Amino acid sequence: MPSEPARAPARRPLVKRPWFWVTVGSIAALVIFSIMFVAAVPLSSDILRHRIVHALSEQLDSEVELGDLHVRVFPGLRAEGADLRIKSRGTALAAYPPLIAIKSFHVDASVAGLLRKHVSHVQLDGLEISIPPGEVRDQQKAADETAQGTRPDDAPTTPTDARNDPLNDKSVVIDRVDANDARLVIIPIEANKTPKVWAIHHLRMFDLGDTKSWPFQATLTNGVPPGEIDVDGHFGPWRRDEPGDTPLTGVFNFAKADLSVFNGIKGTLSSNGYFGGTLAEIRANGTSNTPDFTLQVAGHPFPLWVVYQALIDGTNGDTRLESIDGWFLSSYLHARGAVLDSPKKNEGRTVTLDVALTHSRIEDIMTMAVKANKPPMTGALTMTTSFVLPPGHNDVVDRLRLKGRFAIDKAQFTSYDVQGKIDELSKRASAKTADPKTQRALSDFAGHFELGNGHLRLPEVTFATPGAKVELAGVYGLKAETLDFKGQILLDATISQTVTGYKSLLLKMLDPLFKKPNGKGSLIPVKIGGTRNDPKFGLDVHRVFHHGDPP
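Given the structure is predicted, the values throughout are model-derived calculations rather than measurements. (Residues numbered from 1 in each chain as written. Predicted model: local features only at pLDDT ≥ 70, side-chain atom pairs only at ≥ 80, totals over all residues. Heavy atoms only, no water.)

Chemist: So what about the overall build of the protein? Which residues, and what values?
Modeler: Of regular secondary structure, the protein possesses 10 helices and 27 strands. Counting the 551 residues in the protein, one finds 38% classified as buried. Excluding contacts between residues fewer than 6 apart, the proportion of contacts in the protein whose partners are at least 24 apart in sequence is 51%. (Helix = DSSP H or I, 4+ residues; strand = E, 2+ residues; numbered from the N terminus. Buried < 20%, exposed > 50% of the residue type's maximum accessible area, 1.4 Å probe, protein only. Contact = heavy atoms within 4.5 Å.)

Chemist: Pulling in residues and values, what's your account of the environment of K266?
Modeler: Along the chain, K266 turns up in strand β13 (residues 265–266). Between the C-alpha atoms of K266 and G299, which are 33 residues apart in sequence, the distance is 9.0 Å. Those residues within four positions of K266 in sequence are excluded, and the remaining contacts are L259, S260, D292, F293, T294 and Q296.

Chemist: Lay out the nonpolar core with the relevant residues and their values.
Modeler: Counting residues in each nonpolar core, the largest one holds 103 residues, and the members touching the most others are L124, F216, M377, F406, I408 and F445. In terms of residue count, the dominant contributor to this core is strand β8 (residues 173–186) (six residues). If sequence neighbours within four positions are ignored, F216 has contacts with L203, R204, M205, V231, D232, G233, H234, F235, L248 and T249. (Core = buried A, V, L, I, M, F, W, Y, C linked by side-chain atoms within 4.5 Å.)

Chemist: Residues and numbers for the confidence of the model for the protein, please.
Modeler: Summarising the model, the protein shows a mean pLDDT of 77, and 74% of its residues fall at 70 or more. Below pLDDT 50 for its whole length, residues 155–169 participates in 24 contacts with residues either more than four positions away or in separate chains. (pLDDT = per-residue confidence, 0-100.)

Chemist: Explain the side chain of E481 to me, and be specific about the residues and the numbers.
Modeler: Structurally, E481 can be placed in the loop between β24 (468–477) and β25 (482–491). Setting aside residues up to four positions removed in sequence, E481 forms contacts with V370, K371, Y476, G530, T531, R532 and N533.

Chemist: Please provide a residue-by-residue account of the packing of aromatic side chains, values included.
Modeler: Applying the stated rule across the entire model yields seven aromatic pairs. Seen in terms of ring centroids, F252 and F275 are 6.4 Å apart; in terms of plane orientation they differ by 35°. Their pairing is tilted. Linking F252 in strand β12 (residues 247–258) with F275 in strand β14 (residues 268–278), this pair joins segments that are 23 residues apart in sequence. For the pair formed by F252 and F275, the shared burial category is buried. (Phe/Tyr/Trp six-rings, centres within 6.5 Å; stacked < 30°, edge-to-face > 60°.)

Chemist: Please provide a residue-by-residue account of the pattern of salt bridges, values included.
Modeler: Applying the stated criterion to the full structure yields 10 salt bridges. Here R78 and E80 are joined by a salt bridge, their closest N and O atoms 3.5 Å apart. Residue class for E80 comes out partly exposed when judged on its relative accessible area of 35%. One salt bridge connects R78 with D108, and the closest N-O pair in it is separated by 2.7 Å. Taken as a pair, R78 in strand β3 (residues 77–88) and D108 in strand β4 (residues 100–109) lie far apart in primary sequence, 30 residues in all. Residue classification places D108 among the buried residues on the basis of a relative accessible area of 16%. (Salt bridge = Lys/Arg side-chain N within 4 Å of Asp/Glu carboxyl O.)

Chemist: Give a detailed account of unusual backbone geometry, specifying residues and quantitative values.
Modeler: In this model, G236 is joined to P237 through a cis peptide bond whose omega is 5°. One can find P237 in the loop between β11 (227–235) and β12. Of note in this structure, K117 is not a glycine but carries a positive phi near 60°. Looking at the element boundaries, K117 is found in the loop between α3 (111–115) and β5 (118–119). Phi angles above zero are rare outside glycine, and E481 is one such case at about 60°. Taking relative accessible area as the criterion, E481 reaches 10% and is therefore assigned buried.

Chemist: Kindly report on the pairing of strand β23 (residues 455–465), identifying the contributing residues and their values.
Modeler: The sheet contact formed by strand β22 (residues 443–452) and β23 spans eight bridges and is antiparallel. Residue G452 lies in a different strand from β23, and its bridge partner there is H455. Counted along the chain from β22 to the antiparallel partner β23, the turn is two residues long, and its residue N453 has a positive phi close to 55°. A loop of two residues connects β23 with β24, the two strands running antiparallel in sequence, and G467 in this loop sits at a positive phi of about 90°. (Pairing = 2+ DSSP bridges.)

Chemist: Describe the environment of F293, naming the residues involved and giving the relevant values.
Modeler: Position of F293 relative to the elements: it lies in strand β15 (residues 281–295). In this view, F293 contacts L259, I265, K266, G267, H300, P301, F302 and L304; residues no more than four positions away in its chain are not counted.

Chemist: So what about the pairing of strand β16 (residues 302–312)? Which residues, and what values?
Modeler: Relative to β16, β15 is paired through 10 bridges, and the arrangement is antiparallel. Bridge pairing in β16 places N285 opposite Q309. Linking β15 to β16, which pair antiparallel, is a turn of six residues; within it G299 sits at a positive phi near 85°. Of the pairings in the sheet, the one linking β16 to strand β17 (residues 319–328) comprises nine bridges and is antiparallel in character. Considered in β17, the bridge of I312 is made with T319.

Chemist: Outline the environment of P133, listing residues and values.
Modeler: Positionally, P133 belongs in the loop between β7 (128–131) and α4 (134–149). Owing to a relative accessible area of 4%, P133 belongs among the buried residues under this scheme. Spatially, the C-alpha atom of P133 lies 5.3 Å from that of I189, the residues being 56 residues apart in sequence. Those residues in contact with P133 that lie beyond four places of it in its chain are Y96, I187, P188 and I189.

Chemist: Describe the side chain of H106, naming the residues involved and giving the relevant values.
Modeler: As for its placement among the helices and strands, H106 is situated in strand β4. Of note is the side chain of H106, whose polar atom sits 3.4 Å from the side chain of R78. Once you skip the residues sitting within four places of it in the chain, H106 turns out to touch R78, A79, E80, H121, V122 and Q123. (Polar contact = N/O pair within 3.5 Å; in protein donor to acceptor, adjacent residues only side chain to side chain.)

What follows is the structure in C-alpha cells.
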C-alpha cells in the first residue's frame, strides 16, 4: 500500500510570531518619536529662527532681531546663532541701546530634554545688558498702561500660534547658561554722563526660566580699584517691567585689590561678606583687611581692618554706608556716610562721612600722616570730623576735606629736647625751680581744625600744661611740613618769677608789660614759623604793645 506523502509542517500565522510585533512596535515607536521630534525640533533653520524671534518677542514684549542661525542634529542637537538683539518697545525707549545684545551663542539640547521642556546648555559670548534710566522706564510704563486702557477687553494679547508653540512655553527651563565677557550697563538720565559698566568676566547660571530664583556664579572684574570679585548667589526671577526690583542674594570675595590707583594711598585690600535685597537696593555686610595701608604723604604702612554695613543701588552704583567700624594700630573709629556719583560728567564719586574716633591714640594718627620715623607726640585722642573726598586724579591729601574738633589728653612729646622745654616751661610758669629729675609734664590739647588743599588750619587750639596755657591759631602745610602760627602763652607766674637771681630783678620792670588783663600771671604773644623739623619760636613784638590785637 503506497505510503502517503509527508505532510508539510503547519506554518504559524505571521501575526503570532514575536519578532513581527517587535518590528511593528519599533516602527510605531520610531514614527511616534519622529512626530514628536519634528514637533519639538524644527528641521529648518529658518523655521527655528522664526520661532525663536516670535517667542522672545512675545515673552519679553520686545522687538527682537536675530542674525545668522544654523541647526545641526548630529552628534547632538545644537543651534548656533549670532547678533541677537532684544530692544524694548515704546517711543520713550527708542533712543536707547537694546536691552540685551549678544554677539554669538549656541544652544545644546536633547530630544528627551526638549520633551520635558528643558534645554541642557546655552553658551553666550559678548552678552551686554543695558538698563535705561528709571525715569524713562517709568514714562514708558505709564504710556503702556494708558494704551492698555484703550484696548478692547476681547483683544487678543498673544497670537494663537505663539501660545501653542513649545518654544514659546514659559515653562521652558535652561539647565545651565554660561556667559563670557558680559557687561551690565546702567545708563544715566543725564545725556552728558558716562554709563556705569559692571564687567562680568564669567557668569554661570542654573535653572534659568524657572519661576524660582536662579543660582549663579560670577567673576566680576572690578575697575577701580582693580581686582577680581567672586560671587556665588541667587538672582531673579527677572522683573522686566522694573529691573531694579529683581531679587538678588549671595556671598562675595574680593581679593588683592590694588589701592595705589588712588593717588596718595597704597595697599592691598581683601574683602568678603554677603548681600541681599533687590538690584536697586542691595544690603551688604562685610569685612575688609588691608595689612599694608599707606598714606603716601607719610609713607608708613600699617594694618587697617574694617567691618561695614552698606546699602547699594545696583542700578547706578551709589552706596550708603550705614555703619563703618575700623581698627588701625591701637585706635578705633566709627563712621557713616555715602559714596555718591558726581552730578558733573565723568568726575567719579564723592565720599562723604561723619567720623568719630574714640579709644584712639594721637601717635597712631601721626604715624599715618607724618613722615618722621617716630611719631612726634603720644596721648589719648578723641575726635569728631566731617570727611569729604571729592573725585579727581590728584593726591588724596590735596582733595581731602576735614572739619571738626579734637582733644588730646596727657600728651607727651617723643623728642627729648621738645619735652624738656615743655617740662621747663611748666616749672617756670608755676614759679618753681626747674629740676630735670622731676616727673615729665603731661599736656592737654584741644581745638577745632579744618583740612583742605593740603593745609591743616587750626582756627582755635589750646595747649595746657601745669602752670601754662598756650593758645594758637594758624596753618600747617602737610606736604612741605611748614608752620605758620600766632598765639599767646598764659603763665601763672609773672615774667620775673620764671627766672631766679639777678635776672629776676632785671625782668621785674617787664612784668607790667606782659601782665594778664586780670592782673595775675603773664600773657606773652608768640609766633611760630619754620618747619616741623626746624621750628622758629619768637616773641610777637608788635602785639606786646597791642594786647587787644587778636592772635
